[in-house]
Amino acid sequence: MVPNKLSSPDSSSTWTAEKNKLFENALAIYDQETHDRWHKIARIVGGTTEEEVKRQYEILVHDINCIESGKVPLPKYRKVGESNISNHEKRLKSLKL
């Protein structure tokens, strides 16, 4: 997975998949009513500031809103046992040359 570079101009932090997982787990622990929520989440994630954590949350909310509003198409999953070779490729493979 490609790290997610925060779009904040003064941010030098890169969000790896590991950091993102820590962030999401911390969000589940510390809800909106938690005192010093962003500070606590930043401490769990490590190597981030409260502002970076808040920005990552804004990105997450934006992504969720885009998905829920239908702006992001759902991936086309293959059915169990289905090949990822197209019909055209299958026909080409069956040609006897």
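Calculation criteria
- Residues numbered from 1 in each chain as written.
- Predicted model: local features only at pLDDT ≥ 70, side-chain atom pairs only at ≥ 80, totals over all residues.
- Heavy atoms only, no water.
- Helix = DSSP H or I, 4+ residues; strand = E, 2+ residues; numbered from the N terminus.
- Axes fitted to C-alpha atoms, helices over the stretch in contact; angles between N-to-C directions.
- Parallel < 35°, antiparallel > 145°, perpendicular 65-115°, else oblique.
- Contact = heavy atoms within 4.5 Å.
- Nonpolar A, V, L, I, M, F, W, Y, C, P; charged D, E, K, R; others polar.
- pLDDT = per-residue confidence, 0-100.
- Expected span 1.5 Å × (residues − 1).
- Buried < 20%, exposed > 50% of the residue type's maximum accessible area, 1.4 Å probe, protein only.
- Arc of directions from axis to C-beta.

### Regarding unusual backbone geometry
In step 1: For Asp36, which is not a glycine, the phi torsion comes out positive at approximately 60 degrees.
In step 2: Within the element layout of this structure, Asp36 appears in the loop between α1 (17-29) and α2 (37-45).

### Structural notes on the packing of α2 against helix α3 (residues 50-68)
In step 1: For the pair α2 and α3, interaxial distance at closest approach is 8 Å and the crossing angle is 95 degrees. What the angle tells us is that α2 and α3 run roughly perpendicular. Contacts between α2 and α3 involve Arg37, Trp38, His39, Ile41 and Ala42 from the first element and Glu50, Val53, Lys54 and Tyr57 from the second.
In step 2: The residue inventory of the contact of α2 with α3, partitioned by class, reads 5 nonpolar, 1 polar and 3 charged.

### Describing the confidence of the model for the chain
In step 1: When pLDDT is averaged along the chain, the result is 81, and 73% of the positions lie at 70 or above.
In step 2: The element-level mean pLDDT for the chain is lowest in strand β1 (residues 4-5), coming to 50, with α2 highest at 96.
In step 3: With pLDDT under 50 throughout, residues 5-12 is counted as low confidence; its partners more than four residues away or in other chains account for 14 contacts.

### Quick look at α1
In step 1: For α1, which comprises 13 residues, the first-to-last C-alpha distance of 19 Å matches the rise-based estimate of 18 Å (1.5 Å per residue) to within 8%.
In step 2: Among the residues making up α1, those that are buried are Lys19, Phe23, Ala26 and Leu27. Across the axial projection of α1, the buried residues extend over an arc of 105 degrees, all falling on one side. Turned more than 90 degrees from where α1 packs its buried face, Glu18, Ala28 and Ile29 sit exposed.
In step 3: For α1, the elements touching its buried residues are β2 (14-15), α2 and α3.

### Focus on α3
In step 1: Taking 1.5 Å of rise per residue, 19 residues should cover 27 Å, and α3 covers 27 Å from first to last C-alpha, within 8% of that figure.
In step 2: Along α3, the positions that sit buried rather than exposed are Glu52, Val53, Gln56, Ile59 and Cys66. Looking down the long axis of α3, one finds its buried residues gathered within 145 degrees of arc, a one-sided arrangement. Relative to its buried face, α3 has exposed residues pointing more than 90 degrees away, namely Glu51 and Glu68.
In step 3: Trailing α3 by a residue or two, Gly70 shows a phi angle of about 85 degrees, which is positive.

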